[in-house]
Amino acid sequence: MSITIALSKGRIYEETLPLLAAAGITVAEDPEKSRKLIFPTNQPDVRVVLVRASDVPVYVQYGGADLGVSGLDSLIEHGGQGLYQPLDLHIAQCRVSVAVRAGFDYEAAVQQGARLKIATKYTTIAREFFAQKGVHVDMVKLYGSMELAPLTGMADAIVDLVSTGSTLKANNLVEVERIMDISSRLVVNQAALKIKQAKLRPIIDAFAGAITQD
Ligand code: ATP
Ligand code: MG
């Protein structure tokens, strides 16, 4: 019975490597330098698959992978159905924020009860946030380069991930409100957890022991 682990390239992959190492798992080849999608590890019965960040919860939900590492942002948008979420890994930390073009008076618009046009990949998070605030919004769903939407006049504001704020700054945008803090979570297929318990438990425990809080 083999184990498949779903990860996404970039931040999450890099920061998951030390956790895998703690579980005695090393990936044989550098995925960032490869076009492959499936990577063997030093353990014959463990492999890593690389998918889009937003697809990690989907692969784990439907059993394409037994476990995965997913940003809370992707997890909320997915809904979490069929997923056991045992650990906050405290990696790939960032936040989801509202940003506007420099010069746009967001507070005034909110105060006046204006209808805001919001461009985002995170429609679930954004919808919930503005509903709580009692702000009416029109949502434009995008799949990337959210920063462009306010600059072209397509939206009043964006809801996007921010870490240092340098991307916003480079595009003359200003962070006006923090919606939530984000980190990545370990997600496990609920059926696999029962059936492959003997293989999965030690991996989950090793991850738990290797988490570094900050
Ligand atoms: P998607 O398939 O979701 O469109 P993508 O390739 O655009 O993926 P991102 O959304 O940029 O990838 O990042 C993937 C994940 O990494 C995010 O879900 C988030 O949890 C985390 N992440 C993104 N940007 C940062 C950041 N600047 N700092 C820390 N973590 C981040
Ligand atoms: Mg991206």
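Residues numbered from 1 in each chain as written. Chains lettered and ligands numbered in written order. Predicted model: local features only at pLDDT ≥ 70, side-chain atom pairs only at ≥ 80, totals over all residues.

A few points about unusual backbone geometry
Step number 1: The phi dihedral of A92 falls on the positive side, at around 45 degrees, and the residue is not glycine.
Step number 2: Mapped onto the secondary structure, A92 falls in the loop between strand 5 (83-88) and strand 6 (94-101).
Step number 3: In this structure, N172 is a non-glycine residue whose phi angle is positive, near 60 degrees.
Step number 4: Tracing the backbone through its elements, the reader meets N172 in the loop between helix 7 (166-170) and strand 10 (173-182).
Step number 5: With 12 C-beta atoms packed within 10 Å, N172 lands in the exposed category. (Helix = DSSP H or I, 4+ residues; strand = E, 2+ residues; numbered from the N terminus. Buried ≥ 20, exposed ≤ 12 C-beta atoms within 10 Å, placed from the backbone.)

Considerations on the nonpolar core
Step number 1: A6, L7, V60, L67, I118, I158 and V159 are the most contacted members of the largest nonpolar core, which totals 53 residues.
Step number 2: Ignoring anything within four residues of it in the chain, the contact list for I158 reads A99, I118, A119, T120, M146, E147, A149 and P150. (Core = buried A, V, L, I, M, F, W, Y, C linked by C-beta atoms within 7 Å. Contact = placed C-beta atoms within 7 Å.)

Comments concerning the site of ligand 1
Step number 1: The immediate surroundings of ligand 1 are formed by 17 residues, with R52, A53, S54, G71 and S163 found nearest.
Step number 2: Mapped by element, the contributors of at least two residues to the shell around ligand 1 are helix 1 (11-22) and helix 3 (72-78).
Step number 3: Residue classes in the shell around ligand 1 are distributed as six nonpolar, eight polar and three charged. (Near = placed C-beta within 6 Å. Nonpolar A, V, L, I, M, F, W, Y, C, P; charged D, E, K, R; others polar.)

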